[in-house]
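What the coordinates show
Residue strings, one per chain:
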Amino acid sequence: MKKVLVTGGCGYIGSHTIVDLINNGFEVISVDNNSNSDIRVLQGIREITGVTVKNYTIDLCDLEKTRRIFSNEKFDGVIHFAALKSVGDSVFDPLGYFHNNLNSLLNILHCIKEFEVGQFIFSSSCSVYGNSKELPVTEDTPFEEAESPYARTKQMGEQMIRDFSKVNPATSSVLLRYFNPAGAHESAIIGEAPTNKANNLVPVITETAIGKRKELVVFGDDYDTRDGSCIRDYIHVMDLANAHTRALQYVMDDRNSENCEVFNLGIGEGVTVLEAVKAFEEVAQVDLNYRIGDRRAGDVVAIYANMDFAAQKLGWQPTHSIKDIMRTAWAWEQARTEAIVPN
Ligand code: UD1
């Protein structure tokens, strides 16, 4: 059985990916400092898969502690999710974002080199493209200026890995550029559960609908788009999770021709914020309390993916629509709210 380290394993995409990895026969070890996640998600993973995943609660910015994990365990591959991920927060805390996202990556790369790990998968983001002049974006679309420090950490992270790959041919790396991950596992046992205030669109929608928030503020309706709100490519988290398994299998089977390859992971469709709200209202049969507010600093206007490369090379096709995303996110919101509100 191949052993994989998942950093950020208690986080949103990390936890869903662990489920998919286990279902595909991998042994998984997690590391998470739980700065924005809850260790109890591991119970949910056990409920779904029957497997207890070991987690090391350390901060990856600490090289010595990170090294100790690599020397305790022998990993065949590493999937590196652990990072701060709020576009808006990063604008106000650039140093925090550079410190956390870049130092942790640097330490992981040091350990991959020292402990000779053969496969490395990196969580990148479509935010690397900035306000792209061409849509949909392909993996070769040139980067524009990063719109936020978060996006810049992803541009810099990718560059660090490319430079590392040039002189470390023993490690095959894959850079996965996520578009907008959302939704939850069909069981509603795990889903997006940040311990800090949620600020991504879909959890804000479901929290508003269930009454944890007063309203959703739509950040701007004066953009140059079909209804004035921003356009994104929302991808279901379980589709995204499966893409990681496929990417790992791809590098493990030695099918990649280069030792650092990049894939877009979206569904290839642009959805406006107002369309996303409508999709939720239809699925959940509720009227959402929302209002139009100011633009949010750091937002790009519109972005969606050309998905041909991932389909062709990884044999991967997303199977969930925006309505599936809203349905599963809503089921998860209801389940987690019931779990914390005593009868
Ligand atoms: C960004 C990245 C994405 C990354 C994610 C991590 C881009 C283009 N995408 O997503 O790759 O995975 O960060 O967090 O940079 N919105 C509202 N009201 C809200 C919340 C959001 O109107 O309360 C709008 C935003 O303005 C945006 C859309 O909803 O237009 C999606 O926002 P969000 O879910 O925060 O994700 P991004 O910032 O697009």
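The structure this text deals with has already been given above.
Residues numbered from 1 in each chain as written. Predicted model: local features only at pLDDT ≥ 70, side-chain atom pairs only at ≥ 80, totals over all residues. Heavy atoms only, no water.

1. A look at the overall build of the protein chain
When helices and strands are tallied, the protein chain shows 11 helices and 13 strands. For a compact globule of 343 residues, the expected C-alpha radius of gyration is about 20 Å, and the protein chain comes in at 19 Å, within 12% of that figure. Overall, the protein chain is about 55 × 50 × 40 Å in size when its C-alpha atoms are taken along their principal axes. Considering only residue pairs separated by 6 or more positions, the protein chain has 80% of its internal contacts joining residues 24 or more positions apart. Counting only carbon and sulfur atoms, one obtains 48% of the accessible surface of the protein chain, whose full area is about 14,700 Å². Treating the 33 positive side-chain charges of the protein chain as one cloud and the 47 negative ones as another, the clouds have centres 4 Å apart. (Helix = DSSP H or I, 4+ residues; strand = E, 2+ residues; numbered from the N terminus. Rg over C-alpha atoms; globule rule 2.2 N^0.38 Å. Contact = heavy atoms within 4.5 Å. Areas by Shrake-Rupley, 256 points an atom, 1.4 Å probe, with all protein chains shown as cover. Lys, Arg positive; Asp, Glu negative; His and termini not counted. Charge placed at Lys NZ, Arg CZ, Asp CG, Glu CD.)

2. Some remarks on the site of the ligand
As a matter of local geometry, the ligand sits amid 26 residues, with Lys85, Leu201, Val217, Arg232 and Asp299 nearest to it. For the ligand, an oxygen atom lies 3.1 Å from a polar atom in the side chain of Asn200. Within the side chain of Arg296, one N or O atom sits 2.9 Å away from an oxygen atom of the ligand. When isolated, the ligand has an accessible area of 740 Å², and the protein chains bury 95% of it. Secondary structure elements with two or more residues in the shell around the ligand: strand E7 (180–182), helix H7 (201–210) and strand E8 (216–219). Here the shell around the ligand takes 4 residues from E8, the largest share from any one element. Its residues placed into classes, the shell around the ligand shows 17 nonpolar, 5 polar and 4 charged. (Near = heavy atom within 4 Å. Polar contact = N/O pair within 3.5 Å; in protein donor to acceptor, adjacent residues only side chain to side chain. Nonpolar A, V, L, I, M, F, W, Y, C, P; charged D, E, K, R; others polar.)

3. Some details on the packing of aromatic side chains
Following the criterion strictly, the structure yields 7 aromatic pairs and no others. Look at Tyr129 and Phe143: their rings are 6.0 Å apart centre to centre, the planes differ by 90°, and that puts the pair in the edge-to-face class. Of the two residues, Tyr129 sits in the loop between strand E5 (119–125) and helix H6 (149–167) while Phe143 sits in the loop between E5 and H6, which places them 14 residues apart along the sequence. You can call Tyr129 buried: its relative accessible area is 0%. Grouping aromatic residues by their ring pairs yields a cluster made of Phe70, Phe75 and Phe115. Between the NZ or CZ atom of Arg295 and the centre of the ring of Tyr223, over which it lies, the distance is 4.0 Å. (Phe/Tyr/Trp six-rings, centres within 6.5 Å; stacked < 30°, edge-to-face > 60°. Buried < 20%, exposed > 50% of the residue type's maximum accessible area, 1.4 Å probe, protein only. Lys NZ or Arg CZ within 6 Å of the ring centre and 35° of its normal.)

4. Side note on the environment of Thr208
Assignment of secondary structure puts Thr208 in helix H7. Overall, Thr208 belongs to the buried group, its relative accessible area being 7%. Along the sequence, Thr208 and Gly191 sit 17 residues apart, while their C-alpha atoms lie 16 Å from each other. Filtering out sequence-adjacent residues up to four positions away, Thr208 remains in contact with Arg213, Lys214, Glu215, Leu216, Leu288 and Asn289.

5. Quick look at the sheet that holds strand E4 (residues 77–80)
Strand order in this open sheet of 7 strands is E3-E2-E1-E4-E5-E6-E11, and the pairing throughout is parallel. If you trace the sheet from one side to the other, it starts and ends with strand E3 (54–56) and strand E11 (260–265), each paired once. Strand after strand, the sheet turns through a mean of 20° between neighbouring axes, direction not considered. Where strand E1 (residues 3–7) lies against strand E2 (residues 27–31), 5 bridges are found, and the strand directions are parallel. Looking across to E2, one finds that Leu5 is bridged to Ile29. Against the sheet, H6 contacts E5, strand E6 (172–178) and E11, and its axis sits at roughly 155° relative to E5. (Pairing = 2+ DSSP bridges. Axes fitted to C-alpha atoms, helices over the stretch in contact; angles between N-to-C directions.)

6. A word on the pairing of E5
By the criterion of burial, E5 is predominantly enclosed, with 7 of the 7 residues buried. Covered by surrounding structure in E5 are Gln119, Ile121, Ser123 and Ser125 together with Phe120, Phe122 and Ser124, the residues of both alternating faces. Of the strand pairs in this sheet, E4 and E5 are connected by 4 bridges, and their pairing is parallel. Bridge assignment links His80 to a residue of E5, and that residue is Phe122. Relative to E6, E5 runs parallel, the two being bridged by 7 bridges. Across the sheet, Ser123 pairs through a bridge with Leu176, a residue of E6. Note on the crossover from E5 through H6 to E6: the handedness is right-handed. (Right-handed = clockwise from strand over helix to strand, strands pointing away.)

7. Quick word on the environment of Glu261
With respect to the element layout, Glu261 can be found in strand E11. Residues Glu261 and Glu139, 122 residues apart in the sequence, show an inter-C-alpha distance of 9.5 Å.

8. Here's the deal with the packing of helix H5 (residues 94–114) against H6
Between H5 and H6, whose axes approach to 9 Å, the crossing angle comes to 20°. What the angle tells us is that H5 and H6 run roughly parallel. Handedness of the H5/H6 crossing: right-handed. Note on element contacts: H6 touches H5 through Pro149, Tyr150, Arg152, Thr153, Met156, Gly157, Met160, Ile161 and Phe164, opposite Pro94, Tyr97, Phe98, Asn101, Leu102, Leu105, Leu106, Leu109, Ile112 and Lys113. Grouping the constituent residues of the contact of H5 with H6 by class yields 14 nonpolar, 3 polar and 2 charged. (Parallel < 35°, antiparallel > 145°, perpendicular 65-115°, else oblique. Left-handed = near helix turned anticlockwise from the far one by under 90°.)

On their own, these measurements won't tell you what the molecule is for.
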